[in-house]
Amino acid sequence: MNLKALATVHPTSIVLTLILFIQSEGAILNVDDEEFFGKEADRINWSLHPCRRKCMDGEAPKVCKYVFVIEKFSSMSKACYNCPFNITDCFRPHCIPTDGVQKPVYVADRQLPGPLIEVCQNDWVVVEVRNRMATESFTIHWHGFKQMGTPYSDGVPFVTQCPISPGNRYQYYFNATTTGTFFWHSHTGSQRSDGFFGPMVINDVHSQDVYVDQYDYDIHRLVINDWKDRPADEDEIHDNYDRFNAITETILINGYGRYVNFTDANGTAIDMPTAIIQVESGKKYRIRTINAGSENCPMEMSIDNHTLLVIALDSRYIKPVEVDVVTFWSGERVDFILNATQTPANYWIRVRGLSRCATANANQIAILNYANVTVNDPKEPVGYQYPIATNTTRVLNPIDRGTESDPRIFISIPNLVAVDKDDLCLKAEVDRQIFINLDTMAIDNYDYHRRNLYGYNEVAADRRLISLQLNHITMKFPPFPLLSQYESITPDMLCNSSYIPSGANCTVDYCACTHVINLKLNEVVELVMIDQGLAARIDHPMHLHGHFFRVVASVSLNETMTVAQFKRLDKQGKIQRNLNHAPIKDTMKVPSGGYSIVRFLANNPGYWYFHCHFEPHSNNGMSFVFKVGEHEDFPKKPDGFPTCGPFTPEKFN
């Protein structure tokens, strides 16, 4: 397909007619919806925000304000006119082409991915969100950003805030103290699965950019996500209450993907557009990639005829490592340098879905286009094999593998070297060790396997659904936020492996409660995350809010694993930990039938969510909350902060 006209109509070239911006010493510019969105044809292009600038040493920080209008919208809507038969129509304002299939989507400012936030270190980020949905609430989480001192902006419903109800506005704010590649996404239901996410980049000032001399440009962001052609919440209900067989059809790259086969009136095949990354021959580019996916769909990414020099993971720098393939899970971010030294042409950027995505052969492509070369589909290179032949290529963070594999080919996360100096997390003895069982239990579950009605063993095998738990407990949220309304917590509301209000034996019975683990402020914690490999083989990506952690071990044993087995191996000296410049992350897979060990300093007071980043797993209870410090250690609640909770008239008590 010839996309010669693409560059002239791509959204990044559309002139912004209005930018809402606050300078640090200036007054707030107030606008209402009618003024801000006065022309329906306009697309508010936040990538042109003045806070997206070269970050200079000694520059005064700015206050950078954004307005996100949240709506339930549609891909391939009337805004797309004759897309893809007239390819320019696919890039009209408010056209969300995705893979060519019409479906309901959740969007901010009618964009997918949502608006880019890009600021400099120490700027203040202020995001006003306006809920225009008719019946649904939401929150926004700023994934990877630690919210040190601003825990009320972390964006987890019933942990840090009440959900933002229809018709309401809510303002998130935080100081961009930590640099790197982040993203924002809904933390409510299945909204992230259906498009409610976008990129966020906090740039270093020139003197603090570790690899600033290693690349010429830092302009490309690749937001990659798995994609279904039906609403995700419908699929989740189907999986929970009928048969577990919902399939992820494809993958999107920056909101574009080929999946549907179109033909014109003459029978000529017409493709949906792809994402395009343009480079100039001889130049080096820092490319920031974000896995915003939601399902059990880890992804392999490669670029034909080019290697990837990885310099950062989850916003933290590492000693550069050159690889051919990057594998990353939902919530992970990878920054790499691409050296544009090949013959000027077009090259495929390839993303291959694994696990459940492999079952559906869910893949996607984008185009690496050298400047002054006509944008069109590259020809397949001679001898190229797809899927990737991993026995001959260098793969970062391979699936179902850890440090037990050949590090020359399979480069596991603990083998990487952090640029950050060693800290207390890498001392020989930790203050506290916590074991976390990632349970996939074949038990009756009150939500979808009610005993003596349609219990787990009472229905046909193809209609059974495993329970997703941590330490044999399914997380249930309280009716109000733990952080902002902690004074309403009663002793019998919370639970953990030491205290279950019902007194049930959670190894055989179904336990569901508000799962909270208390940590002392400033203690060094070692989390030993063990996948028992019982009812399913899944590499779960575990994400920690409020803190970074050091990844000191990750091993796949390819067998059933228990805490008792781990303790025995550890006592025998067979558990190896990397305590020398261990890499720093906030999302880490746990290999199926194996373990990962991470360490963090509990120095951020508040209630912090810890969960599997597969959205259906988190929705079904594979999570808990860390309480760090005591309530008196928490930052002061903002004046007038919204409250919520149950109501029962006293006369009926």
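Here, every reference points to the structure presented above.
Described below are features of the structure shown in this document. Source: prediction; values computed, not measured.

## Let's talk about the overall build of the chain
Each helix and strand in the chain was counted, giving six helices and 36 strands. Buried positions account for 59% of the 653 residues belonging to the chain. At a minimum sequence separation of 6, the contacts of the chain that also span at least 24 residues come to 78%. Counting every atom, the chain has about 26,000 Å² of accessible surface; 49% of that belongs to carbon and sulfur.

## Some details on the side chain of Asp226
Tracing the backbone through its elements, the reader meets Asp226 in strand β9 (residues 217-227). Comment: no salt bridge for buried Asp226; closest opposite-charge side chain is Arg192, at 6.8 Å. With residues near it in sequence (within four places) discarded, Asp226 still touches Thr248, Thr250, Ile251, Gly293, Ser294, Glu295, Cys297, Met299 and Cys357.

## Regarding the packing of aromatic side chains
The relative placement of two aromatic rings is captured by the distance of their centres and the angle of their planes. Within this structure, the stated rule accounts for 25 aromatic pairs. Geometrically, the ring pair formed by Phe145 and Phe174 is tilted, given 4.8 Å between the ring centres and 40° between the ring planes. Pair noted here: Phe145 is in the loop between β5 (140-143) and β6 (169-175) and Phe174 is in strand β6, with a separation of 29 residues, a long-range link. Of the residues examined, Phe145 reaches a relative accessible area of 3% and is grouped as buried. Given a relative accessible area of 0%, Phe174 falls into the buried group. With centroids separated by 6.2 Å and ring planes inclined at 80°, the aromatic side chains of Trp184 and Phe196 adopt a geometry described as edge-to-face.

## Remarks on the pattern of salt bridges
Inspection of the entire model under this criterion finds 47 salt bridges. Residues Arg52 and Glu118 are paired through a salt bridge, measuring 2.7 Å at the closest nitrogen-oxygen approach. You can see Arg52 sitting in the loop between α2 (33-36) and β1 (63-74) and its partner Glu118 sitting in strand β3 (residues 117-120), a full 66 residues away along the chain. Between Glu128 and Lys65 there is a salt bridge, with its nearest N and O atoms 3.8 Å apart. Residue Glu128 is found in strand β4 (residues 124-131), and its partner Lys65 is found in strand β1; the two are separated by 63 residues along the sequence. Overall, the relative accessible area of 7% leaves Lys65 in the buried class. Residues joined by salt bridges that share partners form a network here, namely Arg52, Glu118, Asp209, Asp218, Arg221, Arg286, Arg288 and Asp335.

## Here we look at helix α3 (residues 232-241)
Each turn of an α-helix holds 3.6 residues, which means side chains three or four residues apart point in the same direction. For α3, the complete set of buried residues consists of Ala232, Asp235, Glu236, Asp239 and Asn240. The buried residues of α3 occupy an angular sector of 130° when the element is viewed end-on, so they sit on one face. Counted as exposed and oriented over 90 degrees from the buried face of α3: Ile237 and Tyr241. Buried positions along α3 lie against α4 (356-359) and α6 (615-619).

## A closer look at the sheet that holds strand β13 (residues 276-279)
If you walk across this open sheet you meet the seven strands as β13-β21-β20-β15-β18-β22-β23, and the pairing is mixed. Of all strands in the sheet, those with a lone pairing partner are β13 and β23 (410-411), marking the two edges.

Conventions adopted
Residue numbers here run from 1 along each chain, matching the order of that chain's written sequence. Under the rules for a predicted model, residues below a pLDDT of 70 receive no local features and side-chain atom pairs below 80 are neither given nor counted, while totals for whole chains, interfaces and linings still include all residues. To get the side-chain values, all heavy atoms of the structure are used, and hydrogens and water are removed first. Every helix listed is a DSSP run of H or I at least four residues long, and every strand listed is a run of E at least two residues long, numbered separately from the N terminus. Three labels apply to residues, based on accessible area from a 1.4 Å probe with only protein chains included: buried if under 20% of the type maximum, exposed if over 50%, partly exposed otherwise in between. In this description, contact between two residues means that some pair of their heavy atoms is separated by no more than 4.5 Å. For accessible areas, the Shrake-Rupley method is used with a probe of radius 1.4 Å. Any residue's cover is judged against the shown protein chains and nothing else. Charged-residue counts in this description rest on Lys and Arg as positive and Asp and Glu as negative, His and the chain ends being excluded. Any Lys or Arg side-chain nitrogen located within 4 Å of an Asp or Glu carboxyl oxygen qualifies as a salt bridge. Only Phe, Tyr and Trp rings are paired, with Trp represented by its six-membered ring, and only when their centres lie within 6.5 Å; those with planes under 30 degrees apart are stacked, over 60 edge-to-face, the remainder tilted. To be clear, the arc concerns the directions from the helix axis to the C-beta atoms. One requirement defines pairing of two strands: DSSP has to find at least two bridges between them.

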